[in-house]
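# Examining the three-dimensional arrangement
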Amino acid sequence: MQVKIEESWKKVLEGEFEKDYFTHLAEFIKAEYKSSTIYPPPKFIFRAFDLTPFDKVKVVILGQDPYHGAGQANGLCFAVDQGTRLPPSLQNIYKELKTDLGVEGNINSWANQGVLLLNTTLTVKANTPGSHQKKGWEDFTDVVIKVLSDQKENLVFILWGAYAQKKGAIIDATKHLVIKSPHPSPFSAYSGFFGSKPFSRCNDYLISHNLTPITW
């Protein structure tokens, strides 16, 4: 199957696109876009991969679903385009960044510095959170995480919340830094997300391995 995805990712994931689960997933997604309003726009489904090639990845932040409201999902987990009202979780991410490093962030600038902003489900039906879960995306993104863990060294995986932490159980923590905390959602941010300092911890690790830190 021909999938429009950045070349270095196509190379390491090529076998996945021929598997039965991915064929069924692709058929389901095509039908959904024809019959319903689906986010993000089709050209942005693999945007996280397109902006952060496999050979450039230094940091992985795991999300769950894309935003399901109009004009929000842009293919990068937790992110919205400049000028769009900030969702509560992103507001809290920026609050923690300000406390941690004293800077005003722009999540969209992280991807081209090697931060893979990966949702574990890459599409969603409008106003219906979780609607494309258990259709095959999780199998695909499990492979993405395992390929990164197995084929690279000294990555930083930032896992916010129980879902991401369960998803990240396949990461080899002996060769990568795994940063875990509660989710930045308003429901859990005060339970340990605030004060967790993921951004400085990430950069300290990168610097300690002679890697360029992220300009958060």
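Now for a description of the structure that goes with this document.

Reading the values: rules and limits
- Residues numbered from 1 in each chain as written.
- Predicted model: local features only at pLDDT ≥ 70, side-chain atom pairs only at ≥ 80, totals over all residues.
- Heavy atoms only, no water.
- Helix = DSSP H or I, 4+ residues; strand = E, 2+ residues; numbered from the N terminus.
- Rg over C-alpha atoms; globule rule 2.2 N^0.38 Å.
- Buried < 20%, exposed > 50% of the residue type's maximum accessible area, 1.4 Å probe, protein only.
- Areas by Shrake-Rupley, 256 points an atom, 1.4 Å probe, with all protein chains shown as cover.
- Phe/Tyr/Trp six-rings, centres within 6.5 Å; stacked < 30°, edge-to-face > 60°.
- Lys NZ or Arg CZ within 6 Å of the ring centre and 35° of its normal.
- 1 Å grid on protein atoms, 1.4 Å probe; cavity = no way out; pocket = protein on both sides within 12 Å on 5 of 7 lines; lining within 4 Å.
- Points joined across faces, edges and corners; volume = space filled by probe spheres on them.
- Nonpolar A, V, L, I, M, F, W, Y, C, P; charged D, E, K, R; others polar.
- Core = buried A, V, L, I, M, F, W, Y, C linked by side-chain atoms within 4.5 Å.
- Contact = heavy atoms within 4.5 Å.
- Axes fitted to C-alpha atoms, helices over the stretch in contact; angles between N-to-C directions.
- Parallel < 35°, antiparallel > 145°, perpendicular 65-115°, else oblique.

## Digging into the overall build of the protein
Per the secondary structure count, the protein includes seven helices and six strands. A compact globule built from 216 residues should have a C-alpha radius of gyration of about 17 Å, and the protein, at 17 Å, falls within 12% of that. With the principal axes as the frame, the protein shows a C-alpha extent of 45 × 35 × 25 Å. Burial statistics for the protein: of 216 residues in total, 53% are counted as buried. Looking at the protein as shown, the accessible area adds up to about 10300 Å², and 52% of this sits on carbon and sulfur atoms.

## Comments concerning unusual backbone geometry
A cis amide bond links Y39 to the next residue, P40, at an omega of -5 degrees. Inspection of the secondary structure assignment puts P40 in the loop between β1 (38–39) and α3 (47–51). Of note, N127 is a non-glycine position whose phi angle comes to about 60 degrees, a positive value. Following the sequence through the fold, N127 ends up in the loop between β4 (124–125) and α5 (137–151). In this model, N154 sits at a positive phi of 60 degrees, which is unusual for a non-glycine residue. Following the sequence through the fold, N154 ends up in the loop between α5 and β5 (156–160).

## Some remarks on the packing of aromatic side chains
Counting across every chain of the model gives 20 aromatic pairs. Plain terms: the ring middles of F22 and W137 are 6.4 Å apart, the flat faces sit at 85 degrees to each other, and that makes the pair edge-to-face. Of the two residues, F22 is situated in helix α2 (residues 20–35) and W137 in helix α5; the sequence distance between them amounts to 115 residues. Accessibility classification places F22 together with W137 in one group, the buried group. Members of the aromatic cluster, joined through ring pairs, are W9, F17, Y21, F22, F46, F49, F54, W137 and F140. When the ring centre of F44 is taken as reference, the NZ or CZ atom of R47 above it lies at 4.7 Å. Above the face of the F54 ring, K152 is positioned so that its terminal group lies 4.9 Å from the ring centre.

## Describing the layout of surface pockets
Roughly 560 Å³ of internal volume is contained in the largest pocket. For the lining of the largest pocket, a count of residues per class yields 18 nonpolar, 12 polar and one charged. A volume near 440 Å³ is recorded for the second largest pocket. Looking at the second largest pocket, it is lined by 15 residues, and the ones nearest its centre are V3, K4, K30, I45 and F46. It is α2 that contributes the most residues to the lining of the second largest pocket, five residues altogether.

## A short note on the nonpolar core
Counting 66 residues, the largest nonpolar core has I61, F140 and W216 as its most contacted members. Here this core gets six residues from one element, more than from any other, and that element is α5. Sequence-distant contacts of I61, defined by excluding residues within four places in its chain, comprise C77, F78, W110, V115, L116, L117, L118, I158, W160 and W216.

## Some thoughts on the environment of I145
Among the secondary structure elements, I145 is positioned in helix α5. For the pair I145 and Y163, spaced 18 residues apart in sequence, the C-alpha separation works out to 14 Å. If we skip the residues at most four places from it in the chain, I145 touches L62, L118, F157, K167, I170 and I171.

## A short note on the packing of helix α4 (residues 88–101) against helix α7 (residues 198–208)
Where α4 contacts α7, the axes come no closer than 8 Å and their chain directions differ by 60 degrees. For the element pair α4 / α7, the angle class is oblique. Contacts between α4 and α7 pair I93, E96, L97, D100 and L101 from the former with P198, F199 and S200 from the latter. Grouping the constituent residues of the contact of α4 with α7 by class yields five nonpolar, one polar and two charged.

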